[in-house]
Amino acid sequence: MFLNRVLIKNFKSFSGKNVLDFPALITAIVGPNGSGKSNVVDAIRWALGEQSFKNLRAEKGEDLIFRGGKKGLISGFAEVELIFDNSQKIFPFDVSELSILRRIDRNENNSYFLN
């Protein structure tokens, strides 16, 4: 079992839909300062159920939602979807890929979705 893909929508510094494909096992995420490496890790932690905003470098749930940037387009929600390879049936579901999605809106309502 390993992480195949991460879909990030309006999470922290990520505007719109962003797809990170991992065709092989990952050992590191690299890039220049300010490119979003820490926000990718925060997104994965949050999708897996992190409850402490402090551990996500935020004060409240609304801080996880993209704030608009230069164009001023403020998002109404943020969501992160993790897609795992389940070909070896590590998860007890009869699917080859398992999707875990977490969503938060401006009212700080959290929703979780499985497949």
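Structure: above.
Note that the coordinates shown come from a computational prediction; the quantities given were computed from them, not determined experimentally. (Residues numbered from 1 in each chain as written. Predicted model: local features only at pLDDT ≥ 70, side-chain atom pairs only at ≥ 80, totals over all residues. Heavy atoms only, no water.)

A closer look at the overall build of the protein chain
Basically, it comes down to this: Note on conventions: DSSP H or I runs of at least 4 residues are helices, E runs of at least 2 residues are strands, and numbering of each starts at the N terminus. Note on method: radius of gyration uses C-alpha positions; expected globular size equals 2.2 Å times residues raised to 0.38. In this description, contact between two residues means that some pair of their heavy atoms is separated by no more than 4.5 Å. His is not counted here, nor are the chain ends, while Lys and Arg score as positive and Asp and Glu score as negative. Where a charge lies is defined by one atom per residue type: Lys uses NZ, Arg uses CZ, Asp uses CG and Glu uses CD.
Scanning the protein chain from N- to C-terminus turns up one helix and five strands. Element order for the protein chain, N to C, with α for helix and β for strand: β-β-α-β-β-β. Over its C-alpha trace the protein chain gives a radius of gyration of 15 Å, about what one expects of a compact globule, namely 13 Å for 115 residues. Taken over the C-alpha atoms alone, the protein chain extends approximately 45 × 35 × 25 Å along its principal axes. Partitioning the intrachain contacts of the protein chain with sequence separation of at least 6 by distance along the chain shows that 49% fall at a separation of at least 24. In the protein chain, 16 side chains carry a positive charge and 13 a negative one; their mean positions are 6 Å apart.

A word on the sheet that holds strand β2 (residues 17-21)
So the rule is basically this: By the convention used here, strands pair only if DSSP detects at least 2 bridges between them. With axes taken as lines fitted to C-alpha atoms, and helix axes fitted only over the stretch in contact, angles between N-to-C directions fall between 0 and 180 degrees.
Here we have five strands laid out as an open sheet, ordered β2-β1-β3-β4-β5, and antiparallel in their pairing. Because the sheet does not close on itself, it has two edges, and the strands there are β2 and β5 (110-114). On average, adjacent strands in this sheet sit at an angle of 10 degrees to one another, irrespective of strand direction. Here nine bridges tie strand β3 (residues 77-85) to strand β4 (residues 97-105), and the two strands are oriented antiparallel to one another. Among the inter-strand pairings, F84 is bridged to a residue of β4, identified as L98. Of the strands in this sheet, β1 (3-9), β2, β3, β4 and β5 are in contact with helix α1 (residues 37-47), which crosses β3 at around 80 degrees.

Notes on the pattern of salt bridges
Using the following cut-off: By definition, a salt bridge exists where a carboxyl oxygen of Asp or Glu is found within 4 Å of a side-chain nitrogen of Lys or Arg. Between buried and exposed lies partly exposed: a residue is buried under 20% and exposed over 50% of the maximum accessible area for its type, with that area taken using a 1.4 Å probe on protein chains only.
One pass over the full model with this rule turns up nine salt bridges. Between R5 and D21 there is a salt bridge, and its shortest N-O distance comes to 2.6 Å. In this pair, R5 sits in strand β1 while D21 sits in strand β2, placing the two residues 16 residues apart along the sequence. Overall, the relative accessible area of 27% leaves R5 in the partly exposed class. Close ionic contact of E79 with R103 constitutes a salt bridge, the shortest N to O distance being 2.9 Å. Highlighted residues: E79 in strand β3 and R103 in strand β4, separated in sequence by 24 residues. A relative accessible area of 10% means that E79 is categorised as buried. The network of salt bridges with common partners includes K9, E79 and R103.

Regarding the nonpolar core
As a reminder, the rule being used: Buried residues of nine kinds, namely Ala, Val, Leu, Ile, Met, Phe, Trp, Tyr and Cys, make up a nonpolar core once their side-chain atoms join them within 4.5 Å.
Core analysis: the largest hydrophobic core is formed by 22 residues, its most contacted members being L3, V6, I8, F11, W46, V80 and L82. When residues of this core are traced back to their parent elements, those giving at least two are β1, α1, β3 and β4. At five residues, the largest contribution of residues to this core is made by α1. Setting aside its immediate chain neighbours within four residues, V80 contacts V6, L7, F11, A43, W46, A47, I100, L101 and R102.

Scope: geometric values only; no functional claims are made or implied.
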